[in-house]
Amino acid sequence: MKKLGLILGIGALSTSLSYAQLVDEKNVTVTMDLQPVLQLNMTTPDQIAFVFDEIREYYGGILKYGATILKVSSSVSWDLYAVGHSQNGTFWDQQMAYSTGGGPNSKNTLPLSLLELHQYPANPRTNGLSGTWLDYSTPFAPANAVVPGQNSVYYTAGNPYVGPAATEKYIAGAAGFIGGGGDAVDGGSFLTAGSLGSNYYYVLDYRILPGLPAIFPAAGTNAGAPEDLVTLFGANSYAQPGVYTMNVKYVLMEDQ
Amino acid sequence: MFFIHFFVLGQTCPNPITNNCSDAVAGTSRFYLDGRQNIDFTFDDMNKYVRGITFSGSTQLRLKIDEINPGMCKWKLVMIVENNGHLPNNEWEPLVYYGGSGSIPNLNLIEVSVWNGCGTALYNGVFRTFFNNVNNDTLSIIPDLAVRNLPGPCDGTHINGPGSYLTNYNEFSFNIDYRIKPGFALRPGSYQIRIRFCLVEIP
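The following paragraphs examine the structure supplied in this document. Predicted model only: the values in this text are computed from it and were never measured. (Residues numbered from 1 in each chain as written. Chains lettered and ligands numbered in written order. Predicted model: local features only at pLDDT ≥ 70, side-chain atom pairs only at ≥ 80, totals over all residues. Heavy atoms only, no water.)

### Topic: the overall build of chain B
Phase 1 of the analysis: Helix and strand counts for chain B come out as three helices and eleven strands.
Phase 2 of the analysis: Element order for chain B, N to C, with α for helix and β for strand: α-β-β-α-β-β-β-β-β-β-β-α-β-β.
Phase 3 of the analysis: In terms of overall dimensions, chain B has C-alpha extents of about 60 × 45 × 25 Å along its principal axes.
Phase 4 of the analysis: Here chain B holds 203 residues, and 50% of them are scored as buried.
Phase 5 of the analysis: Restricting the contact set of chain B to residue pairs at least 6 apart, pairs at least 24 apart contribute 71%. (Helix = DSSP H or I, 4+ residues; strand = E, 2+ residues; numbered from the N terminus. Buried < 20%, exposed > 50% of the residue type's maximum accessible area, 1.4 Å probe, protein only. Contact = heavy atoms within 4.5 Å.)

Dropping the structure here:
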């Protein structure tokens, strides 16, 4: 009985000591929600018009320097590409013909690849690309020494929001996901990385070179195969006078 | 059973070895946390990624410290960061991923600033990180001092003696600011940590 009393006494004492000690804690939970953000700011006219109404414009083509400026901000690694698109498959949409047909050899099916692009700066991440040209950074070839396909816009009759194959051109980044940073531009922003010359700021020039007769000799695939009208439709073919339109989409996508 | 008990103790505030101050639970001392207990940082536009998000005064701590043994009661106040045991132990605990690229945020990503009107907190009003970058890393608010500083001077002295926010508000209350600047290299997703505020008496 004495032992029990002693034990109870010690227990009471230890309880008393425990309550006398100052120790307490409070908690806060911190949650961080990192949502993927990809922003492409584009400075460009709503429509870029190429009006060929003088012979020298057919010979020398029309260039639109700096017509489009692309500024990227992204919280994730990304790729950027341009894709030519129309309602007419891989050809421009003819809105209007200016003559009754222009003769049996005139063609109103103009390949999308006749539109040429030039970008600055060059694609900074090209690992995995295998085309003849990896981007649009090669200067336009002179009108008297064109290189078919060198600057031709990538185009597709399918889903334009599926990234081009590794054999096609990218403005920045590359097809697929390799990892290690070589095939995509790291997340960042032109706001902090600087403007012209950084990986987040691109200036695009446009050229259309009809030639005379108007066969668009610079049109071609990224493998270098010509897509001028003679190659596509046979000798003596040329473009039917009229109004044509096409759409160029600039697609910024997460590299994954 | 012993292991579980030990583990739980290991995750809580360190046990005091003295009995000079009144308990804050069953005794007359008090330790209050006001403000949101869930601090949600949502980065959903580019401006937030660029400039970060700061929550000012999201947490307020108020203390009332009573002594039992006159002239002996002294205390410290610390913050402890936890990631719920996630491994590697230098990372936030992932709750869900939104994408495949990027790295998991480290525990030293969050910046915490503690301040009060008398500047009694260590590095009062200066954003600091859990620079050891490891689970259970600790930052002092009122450090473990050899001397006992009583309230009253309001000159930046780290007050660690008995007193109360009722009579010396600017020496026994603390405001906590939180800041995160994620940059652009992190993997999209939702992540979580817990910050414990421990009030412990010291010899």
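### Some points on the interface of chain B and chain A
Phase 1 of the analysis: Opposite the 63 residues of chain B that make contact, chain A presents 35 residues.
Phase 2 of the analysis: For the pair chain B and chain A, the summed buried surface comes to about 4100 Å²; carbon and sulfur atoms form 58% of the total.
Phase 3 of the analysis: Broken down residue by residue, the surface that chain B buries against chain A is led by B:Met46, B:Ser101 and B:Phe184, which jointly contribute 15%.
Phase 4 of the analysis: Linking chain B with chain A are one salt bridge.
Phase 5 of the analysis: In this structure, B:Arg196 and A:Glu25 form a salt bridge, with 2.0 Å as the shortest nitrogen-oxygen distance.
Phase 6 of the analysis: Across the contact surface, chain B and chain A share 23 residue pairs in polar contact (both at pLDDT 80 or more). (Buried area = accessible area lost by both parts, 1.4 Å probe. Salt bridge = Lys/Arg side-chain N within 4 Å of Asp/Glu carboxyl O. Polar contact = N/O pair within 3.5 Å; in protein donor to acceptor, adjacent residues only side chain to side chain.)

### Here we look at the state of the cysteines
Residue and element names in this part refer to chain B.
Phase 1 of the analysis: Within the structure shown, the criterion is met by three disulfides over all chains.
Phase 2 of the analysis: Across the disulfide, Cys13 is cross-linked to Cys198 (sulfur-sulfur distance 1.9 Å). Torsion about the S-S bond of the Cys13 and Cys198 cystine: about -85°, corresponding to left-handed handedness. Of this pair, Cys13 sits in the loop between helix 1 (2-10) and strand 1 (30-35) while Cys198 is found in strand 11 (residues 189-201), placing the two residues 185 residues apart along the sequence. (Disulfide = S-S within 2.5 Å.)

### Remarks on the layout of surface pockets
All names here are of chain A.
Phase 1 of the analysis: By volume, the largest pocket amounts to about 1000 Å³.
Phase 2 of the analysis: In this structure, the largest pocket is lined by 37 residues; those nearest its centre are Ile48, Phe50, Trp92, Ile208 and Tyr244.
Phase 3 of the analysis: Secondary-structure elements contributing two or more residues to the lining of the largest pocket are strand 9 (201-208), strand 10 (238-239), strand 11 (242-245) and strand 12 (247-254).
Phase 4 of the analysis: By residue number, the principal contributor to the lining of the largest pocket is strand 11, which donates four residues.
Phase 5 of the analysis: The residue inventory of the lining of the largest pocket, partitioned by class, reads 28 nonpolar, seven polar and two charged. (1 Å grid on protein atoms, 1.4 Å probe; cavity = no way out; pocket = protein on both sides within 12 Å on 5 of 7 lines; lining within 4 Å. Points joined across faces, edges and corners; volume = space filled by probe spheres on them. Nonpolar A, V, L, I, M, F, W, Y, C, P; charged D, E, K, R; others polar.)

### Focus on the pattern of salt bridges
Phase 1 of the analysis: For the structure shown, the criterion picks out eleven salt bridges over all chains.
Phase 2 of the analysis: Among the salt bridges present, the one from B:Arg148 reaches B:Glu67, with a minimum N-O distance of 3.2 Å. With a gap of 81 residues between them, B:Arg148 in the loop between strand 8 (138-142) and strand 9 (163-164) and B:Glu67 in the loop between strand 3 (53-65) and strand 4 (75-82) connect regions that are remote in the sequence.
Phase 3 of the analysis: Overall, B:Arg148 belongs to the partly exposed group, its relative accessible area being 27%.
Phase 4 of the analysis: Look at B:Glu67 and you get partly exposed, because its relative accessible area is 33%.
Phase 5 of the analysis: Among the ionic contacts, a cluster of salt bridges with common partners joins A:Glu25, B:Glu82, B:Arg194 and B:Arg196.

### Brief notes about unusual backbone geometry
Phase 1 of the analysis: With an omega of 0°, the peptide bond between A:Tyr120 and A:Pro121 qualifies as cis.
Phase 2 of the analysis: Of note, A:Pro121 is situated in the loop between strand 7 (115-120) and strand 8 (188-189).
Phase 3 of the analysis: The omega angle of the peptide bond from B:Leu87 to B:Pro88 is -5°, so this bond is cis rather than trans.
Phase 4 of the analysis: Relative to the helices and strands, B:Pro88 resides in the loop between strand 4 and strand 5 (93-97).
Phase 5 of the analysis: The phi angle at A:Asn236 is positive, at roughly 75°, despite the residue not being glycine.
Phase 6 of the analysis: Checked against the element boundaries, A:Asn236 lands in the loop between helix 4 (229-233) and strand 10.
Phase 7 of the analysis: At B:Cys154, a residue that is not glycine, the phi angle is positive and equals roughly 50°.
Phase 8 of the analysis: Structurally, B:Cys154 is set in the loop between strand 8 and strand 9.

By themselves, these are just geometric observations and shouldn't be taken as functional.
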